[in-house]
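Chain by chain, the residues run as shown.
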Amino acid sequence: MSFRTARRNDGFTLLEITIVLAVVAILGLILAPSMLQFLSQSRLARAQNDVRALGDAVVDFVEDNGFHPQWADGGRSVRISLLVSPGAVGEAQPGAEGWLNTQPGQIDLISNQLVNNNPSFGGIGYPLKTALSGAGWNGPYIANMVEEDPWGNRYVINVGHLSNSIDAVEADGIQEKRAVWVLSAGPDGIFDTTYPTTNTQLLSNAAASPADISTRIQ
């Protein structure tokens, strides 16, 4: 056996291993920003798809039932202010604190209303749609259980502001409707969109913050 053949059988030298590791490290430094950008864009795309799908599901619910998701209890005495997904509550800029509503009687999980027909504070769901009734719950309106957004925070829908009136004003014919949003707080986890009140986020001035991921359903 020649010296050259024996040397090849000894495996890699320390110098060769060092060169390979250096090349791998350099490639990692070059590719890391592209990978991070890809992951960021994937999360944004998923959140945008989620809010659109949730908005469509609420619209389908209203079309079937003739009213919006509104009861948080089986006795139908507690009205919903927010529908939310699981996930961290996050933070809010001044004026957006309403998205952090912590009163459980005014909140229900999106899945309870749009997937399971099982309001969280009671076992009595909405009447089911049948051939005879022509109206009723005909879900699930979302194929799977609704999870947190890509950053681990919850999606929110201020469904309590939905109105059955087709005009720009409420059923009283006087008060202008307020915007209804499906929101993710986005990568920073902070809600920046003003929470609708009688003075803000009316249909005439509705606008979501570009820092949030949003779709408007009213």
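Everything discussed here concerns the structure shown above.
For the structure given in this document, a descriptive report is provided here.

Reading guide: rules and limits
Residues numbered from 1 in each chain as written. Predicted model: local features only at pLDDT ≥ 70, side-chain atom pairs only at ≥ 80, totals over all residues. Heavy atoms only, no water. Core = buried A, V, L, I, M, F, W, Y, C linked by side-chain atoms within 4.5 Å. Buried < 20%, exposed > 50% of the residue type's maximum accessible area, 1.4 Å probe, protein only. Helix = DSSP H or I, 4+ residues; strand = E, 2+ residues; numbered from the N terminus. Contact = heavy atoms within 4.5 Å. Patch = residues over 30% accessible without salt bridge, like charges linked within 9 Å, V, L, I, M, F, W, Y side chains within 5 Å. Areas by Shrake-Rupley, 256 points an atom, 1.4 Å probe, with all protein chains shown as cover. Salt bridge = Lys/Arg side-chain N within 4 Å of Asp/Glu carboxyl O. Pairing = 2+ DSSP bridges. Phe/Tyr/Trp six-rings, centres within 6.5 Å; stacked < 30°, edge-to-face > 60°.

## Concerning the nonpolar core
Item 1. Among the nonpolar cores identified, the biggest contains 24 residues, and Leu 54, Ile 110, Leu 114 and Ile 157 are the most heavily contacted of them.
Item 2. Within the residue set of this core, elements represented by two or more residues are α2 (14-65) and α3 (110-114).
Item 3. Broken down by element, the residue count for this core peaks at six residues, all from α2.
Item 4. Setting aside residues no more than four positions away along its own chain, Ile 110 makes contact with Leu 54, Leu 83, Val 84, Ser 85, Val 115, Val 146, Tyr 155 and Ile 157.
Item 5. Within the second largest apolar cluster, 13 residues are counted, among which are Trp 99, Trp 181, Ala 185 and Phe 191.

## Side note on a nonpolar patch on the surface
Item 1. A cluster of nonpolar side chains, Leu 15, Ile 19, Val 23, Ile 26, Leu 27 and Ile 30, forms an exposed patch at the surface whose accessible area comes to about 580 Å².
Item 2. Tracing the backbone shows Ile 26 in helix α2.

## Considerations on the sheet that holds strand β5 (residues 181-184)
Item 1. Taken in spatial order, the five strands of this open sheet run β3-β1-β4-β5-β7, and their pairing is mixed. Both edges of this open sheet fall to β3 (107-109) and β7 (213-216), since each of them pairs with a single strand only.
Item 2. Inspection of the sheet shows strand β1 (residues 82-84) paired to strand β4 (residues 156-157) by two bridges, in the antiparallel sense. Its bridge partner lying in β4, Leu 83 is registered against Ile 157.

## Some details on the packing of aromatic side chains
Item 1. On inspection of all chains with the given rule, the structure shows seven aromatic pairs.
Item 2. With a centroid separation of 4.8 Å and an interplanar angle of 80°, the aromatic rings of Trp 99 and Tyr 195 are classed as edge-to-face. In this pair, Trp 99 sits in the loop between β2 (91-92) and β3 while Tyr 195 sits in the loop between β6 (190-191) and β7, placing the two residues 96 residues apart along the sequence.
Item 3. For Trp 99, a relative accessible area of 0% corresponds to the buried category.

## Things to note about the pairing of β5
Item 1. Neither face of β5 is exposed, since Trp 181 and Leu 183 on one face and Val 182 and Ser 184 on the opposite face are all buried.
Item 2. The pairing of β4 with β5 spans two bridges and is antiparallel. Note on β5: the bridge partner recorded for Ile 157 is Val 182.
Item 3. Strand direction decides the pairing type here: β5 and β7, joined by four bridges, are antiparallel. Opposite Leu 183, over in β7, you have Ser 214 as the bridge partner.

## Re unusual backbone geometry
Item 1. Put simply, Gly 139 and Pro 140 share a cis peptide bond, and its omega is 5°.
Item 2. Positive phi, close to 50°, is recorded for Asn 117, a residue that is not glycine.
Item 3. Relative to the assigned elements, Asn 117 resides in the loop between α3 and β4.
Item 4. The exposure class assigned to Asn 117 is buried, which follows from its relative accessible area of 12%.
Item 5. Not every positive phi belongs to a glycine, and Gln 201 is a case in point at roughly 55°.
Item 6. Note that Gln 201 resides in the loop between β6 and β7.
Item 7. Among the residues examined, Gln 201 registers a relative accessible area of 6% and is labelled buried.

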